[in-house]
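Here is what each chain is made of, one letter per residue.
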Amino acid sequence: TAAKAAAAAPAAAGAAASLAGKPTLLKSAAIFGSANALGFGISAATGSHLHLDLIGTGVFAVAAVATAGADARQRCSAGAVALWAVKLSSFLFYRALQTQHDGRLTEILSTTSGAAGFWFISFAWGWVVSLPHTIAAGVPAAGRPRFGGPFDVLGLGLFAAGGLNQTGGE
């Protein structure tokens, strides 16, 4: 299992480094795939649970920034996704450091095939959930109304309300 982990890390780094100029869907898939391959490598090599949420949730920030788009609305979307991902992954990582173990995943992560399945599902879930931002970020900005209209303000308000609600729940 340590050999599999050692092989996964360079592959993940190489895939992420070759994304310049790629379409946003491909770029997003490569970023989520690379992060989850790294997560699998760490899981297979160490059996640790500490990195699960840091990588699985934190990758949303990396993907959002990498697919930010050209206009203010696209960049605002990327900023909102990145802010949420950094906030949530930091909290979950801090919690993991306190508990040192996630009992819900002990059985799944106890085998290499279980860890591979977990990280594959994490990749698929992350990539699919990120599609609204990713697809919107890939649309050319021409023909859109200027940023700052009522729906933009409403969207930012909902983001702020959701962030405050999540903070209160933590």
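Just above, that's the structure.
Residues numbered from 1 in each chain as written. Predicted model: local features only at pLDDT ≥ 70, side-chain atom pairs only at ≥ 80, totals over all residues. Heavy atoms only, no water.

*Asks:* I tried to follow the nonpolar core on my own but got confused; where do I start?
*Replies:* Most often, soluble globular proteins keep nonpolar side chains buried together rather than apart. Of all hydrophobic cores here, the largest spans 17 residues; its most connected members are Phe32, Phe40, Leu52, Val59, Leu109 and Trp119. Elements that contribute at least two residues to this core include exactly helix H2 (24-46), helix H3 (52-66), helix H4 (72-99) and helix H5 (112-129). Each residue touching Leu109, except ones within four places of it in the same chain, is listed here: His49, Leu52, Ala115 and Phe118. (Core = buried A, V, L, I, M, F, W, Y, C linked by side-chain atoms within 4.5 Å. Buried < 20%, exposed > 50% of the residue type's maximum accessible area, 1.4 Å probe, protein only. Helix = DSSP H or I, 4+ residues; strand = E, 2+ residues; numbered from the N terminus. Contact = heavy atoms within 4.5 Å.)

*Asks:* What should I look at first to understand the packing of aromatic side chains in this one?
*Replies:* One pair of aromatic rings is described through two measures. These are the centre distance and the angle between the planes. Considering all chains together, one arrives at five aromatic pairs under this definition. Consider the rings of Phe32 and Phe60, whose centres lie 5.1 Å apart with planes at 80°: the pair is edge-to-face. Of this pair, Phe32 sits in helix H2 while Phe60 sits in helix H3, and the two are 28 residues apart along the sequence. In this structure Phe60 comes out as buried when scored by relative accessible area, which is 4%. Look at Phe118 and Trp119: their rings are 5.1 Å apart centre to centre, the planes differ by 90°, and that puts the pair in the edge-to-face class. Note on Trp119: relative accessible area 2%, which makes it buried. One aromatic cluster is present, formed by Phe32, Phe60, Trp84 and Trp125 through successive ring pairs. (Phe/Tyr/Trp six-rings, centres within 6.5 Å; stacked < 30°, edge-to-face > 60°.)

*Asks:* Looking at this structure, I do not really get H4. What am I missing?
*Replies:* It helps to recall that an α-helix has 3.6 residues per turn; residues three or four apart then point in one direction. The end-to-end C-alpha distance of H4, which contains 28 residues, comes to 40 Å, matching closely the 40 Å that a straight helix rising 1.5 Å per residue would cover. All buried positions along H4 are accounted for by Gln74, Ala78, Ala80, Ala82, Ala85, Leu88, Ser89, Leu92 and Ala96. In the stretch just after H4, Gln100 is the one whose phi turns positive, near 70°. (Expected span 1.5 Å × (residues − 1).)

*Asks:* Sorry, what's going on with a nonpolar patch on the surface here?
*Replies:* A cluster of nonpolar residues, Leu25, Ile135 and Val139, forms a patch on the protein surface that exposes about 240 Å² of accessible area. By the secondary structure assignment, Leu25 is in helix H2. (Patch = residues over 30% accessible without salt bridge, like charges linked within 9 Å, V, L, I, M, F, W, Y side chains within 5 Å. Areas by Shrake-Rupley, 256 points an atom, 1.4 Å probe, with all protein chains shown as cover. Salt bridge = Lys/Arg side-chain N within 4 Å of Asp/Glu carboxyl O.)

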